[in-house]
Amino acid sequence: MITLKVNGVEREVDVPGDTPLLYVLRNDLELTGPQFGCGLAQCGACAVLLAGKETRSCITAVSDVGDQEITTLEGLPALWAKERGVAAASPALHPLQPAGSDGQGPHCGYCPNGVVIQAADLPPTTKNSTEAQIRTALNGHPGRCGT
């Protein structure tokens, strides 16, 4: 058994240690935020925050996670609330989550997870990010649908 801390909750999974974290998140824990895109850590669809840093879960073995906190797209609202010192139920979404749809950005569904996760990693490391810094950070998340 391997114990993982995912979105603030400890979960036990019975998988081989070399199983990709992405497979555990989707198949065993039924979290649908991280997506399988390329399987080579190039597209970013599988991105999660591992100890607060954007990590490609398709190439990260579950045994390499250790006791580090894993945050998926589903866990961003609680992370946002924790960072702001407010009740977990408020806000309902991390401000980054509705940003794409509010801006009417078309999406096929693969890249938004990685883009939002990468953007969530940016503010803690770079205060008052410039547009150039944001564009550079998001360069590793090419859209697969061409939009």
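Worth saying up front: this structure is predicted, and the values here are computed from it rather than measured.

The rules we used
- Residues numbered from 1 in each chain as written.
- Predicted model: local features only at pLDDT ≥ 70, side-chain atom pairs only at ≥ 80, totals over all residues.
- Heavy atoms only, no water.
- Helix = DSSP H or I, 4+ residues; strand = E, 2+ residues; numbered from the N terminus.
- Buried < 20%, exposed > 50% of the residue type's maximum accessible area, 1.4 Å probe, protein only.
- Contact = heavy atoms within 4.5 Å.
- Pairing = 2+ DSSP bridges.
- Axes fitted to C-alpha atoms, helices over the stretch in contact; angles between N-to-C directions.
- 1 Å grid on protein atoms, 1.4 Å probe; cavity = no way out; pocket = protein on both sides within 12 Å on 5 of 7 lines; lining within 4 Å.
- Points joined across faces, edges and corners; volume = space filled by probe spheres on them.

Caption draft 1: Up close: the environment of D18. By the element assignment, D18 lies in the loop between β2 (9-13) and α1 (21-28). For the pair D18 and S63, spaced 45 residues apart in sequence, the C-alpha to C-alpha distance is 6.4 Å.

Caption draft 2: Examining α1 more closely. Those residues of α1 that sit buried are L21, L22, V24 and L25. As for α1, its buried residues are in contact with β1 (2-6), β2, β3 (47-50) and β5 (69-71). Positioned one or two residues after α1, E30 has a phi angle of 55°, which is positive.

Caption draft 3: A look at the sheet that holds β5. Strand order across the open sheet formed by five strands is β2-β1-β5-β3-β4, with mixed pairing between neighbours. Whereas interior strands pair on both sides, the edge strands pair on one side only; in this sheet they are β2 and β4 (53-56). Neighbouring strand axes in the sheet, compared pairwise and without regard to direction, differ in orientation by 40° on average. The pairing of β3 with β4 spans four bridges and is antiparallel. Residue pairing in the sheet places V48 in a bridge with T55 of β4.

Caption draft 4: Broad picture of the layout of surface pockets. By volume, the second largest pocket amounts to about 260 Å³. Of all elements in the fold, only β5, α2 (76-84) and α4 (111-125) reach the threshold of two or more residues within the lining of the second largest pocket. Here the element with the most residues in the lining of the second largest pocket is α2; it accounts for four residues.

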